[in-house]
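Residue-level structural notes
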Amino acid sequence: RRREAAARVSGPGRTADGHAVKLLVNLGALPELDAAAAADSEGVGLFRTEFLYLDREQAPTAEEQTGAYRTVFDAFAGRRVVVRTLDAGADKPLPFVTAADEQNPALGVRGLRTARRDPELLEAQLAAIAAAAQDTEADVWVMAPMVSVPGEAAEFTARVRAHGLRTAGAMVEVPAAALRAKDLARQCDFLSIGTNDLAQYAFAADRTLGTLAEFLDPWQPALLELVRTAAQAGAACDRPVGVCGEAAADPMLALVLVGLGVSSLSAAPSCLGDVRATLAAHSLDDCRRLAGLALAAPDATAARAAVRDGSVREA
Ligand code: PEP
Ligand code: MG
């Protein structure tokens, strides 16, 4: 019965006892914009900007970028938009940004690391985001992909602020960043956990290899432990910590993530309804208890089963 009642819920994400969890959408291209904006969400938790740079020989112009960002900000007037700066390399190669001769591109100059070699690319993108954010009604946040050490977060935050943008964050996608999330959090305004890459690097398993899917399962207790470390670090420093990888799209796993201390979940628009309904049927204490069951499990299959059984018992 609790579940039937929950199926009717809409609006901001909440547990059964009213603990707020922001439910946000992932956005990866402008054709997705209408569906994303129409979804019942508090904004965009991950705006992947790579689409602007794909199939090109050079970076998009300032006008093109500003126009695209502005279109998104206008569609989300009154809501939050978390823009991720260019994440080139590895599974997202870009000929004019990333080197073709790296032997291990996933461990190479990718994500924020490209800005070290080519600072103008990031500067131009931040300038375009700042221009688009002028006079917009959207609450514009900016975050960097593939941050590994606190110094990178500090430098990124300084650059973001130099453009007049107020809210800078770091993605937690590298185990070192999760383990030292407190140091990272002190250097920026929020953290966002990318569970796709975090799983890849925690398990040394290429995320594009279907044959390694078992290692990339977001229910892996080792991955959840990294999420807990990052979420607790954020709480200790009073910084919001979201999850924007695929893990956030699984309603039962969403309960676990909330129980681990995550304050927002960002997923494909079509997944949010189920996540919202499942959250509304469980209290924060339920989520914490289920998170404990998942963490105590020896592997992903056992974690999934323990949480399924645990949540059935309390429904
Ligand atoms: C992630 O790595 O989990 C993430 C959200 O970023 P992407 O999938 O774009 O690498
Ligand atoms: Mg990633």
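We now turn to the structure provided with this report. (Residues numbered from 1 in each chain as written. Chains lettered and ligands numbered in written order. Predicted model: local features only at pLDDT ≥ 70, side-chain atom pairs only at ≥ 80, totals over all residues.)

What follows is about the site of ligand 1. What surrounds ligand 1 is the set Leu46, Arg48, Asp87, Glu173, Gly194, Thr195, Asn196, Asp197, Cys244 and Gly245. Breaking the shell around ligand 1 down by element, the ones donating at least two residues are strand E2 (43-48) and helix H9 (195-202). In terms of residues, the shell around ligand 1 owes the most to one element, H9, which gives three residues. Taken together, the residues of the shell around ligand 1 break down into two nonpolar, four polar and four charged. (Near = placed C-beta within 6 Å. Helix = DSSP H or I, 4+ residues; strand = E, 2+ residues; numbered from the N terminus. Nonpolar A, V, L, I, M, F, W, Y, C, P; charged D, E, K, R; others polar.)

Let us look at the nonpolar core. The nonpolar side chains of a soluble globular protein tend to be buried, and buried together. Core analysis: the largest hydrophobic core is formed by 91 residues, its most contacted members being Ala170, Val227, Ala230 and Leu257. Excluding its chain neighbours within four sequence positions, the residues that come into contact with Val227 are Ile193, Val243, Leu257, Leu260 and Val262. (Core = buried A, V, L, I, M, F, W, Y, C linked by C-beta atoms within 7 Å. Buried ≥ 20, exposed ≤ 12 C-beta atoms within 10 Å, placed from the backbone. Contact = placed C-beta atoms within 7 Å.)

For Ser264, the location among the structural elements is in strand E8 (residues 264-267). Here Ser264 falls in the buried class, since 25 other C-beta atoms lie within 10 Å of it. With 242 residues separating them in the primary sequence, Ser264 and Lys22 have C-alpha atoms 4.4 Å apart. Apart from the residues within four sequence positions on either side, Ser264 is in contact with Val21, Lys22, Leu24, Gly45, Pro240 and Gly242.

A separate point is H9. The element H9 is extensively covered by neighbouring structure, given that seven of its eight residues are classed as buried. Listing the buried residues of H9 in full gives Thr195, Asp197, Leu198, Ala199, Gln200, Tyr201 and Ala202. Where H9 terminates, the next one or two residues include Ala204, which has phi positive at roughly 50 degrees.

What follows deals with helix H13 (residues 284-296). Every α-helix carries 3.6 residues per turn, so stepping three or four residues along brings you back to the same face. In a regular helix each residue adds 1.5 Å, so 13 residues correspond to 18 Å; H13 covers 18 Å between its end C-alpha atoms and thus fits that length. Inspection of H13 places Asp286, Cys287, Leu290, Ala291 and Ala294 among the buried residues, and these make up the whole buried set. Down the axis of H13, the sector holding all buried residues measures 135 degrees, keeping them to one side. (Expected span 1.5 Å × (residues − 1). Arc of directions from axis to C-beta.)

Our next topic: the sheet that holds E2. Here we have eight strands rolled up into a closed barrel, ordered E1-E2-E3-E4-E5-E6-E7-E8, and parallel in their pairing. Direction aside, neighbouring strands of the sheet carry axes that sit 25 degrees apart on average. Helix-sheet contacts for helix H3 (residues 62-75) involve strand E1 (22-27), E2, strand E3 (80-84) and strand E4 (139-147), and the interaxial angle to E3 is about 155 degrees. (Pairing = 2+ DSSP bridges. Axes fitted to C-alpha atoms, helices over the stretch in contact; angles between N-to-C directions.)

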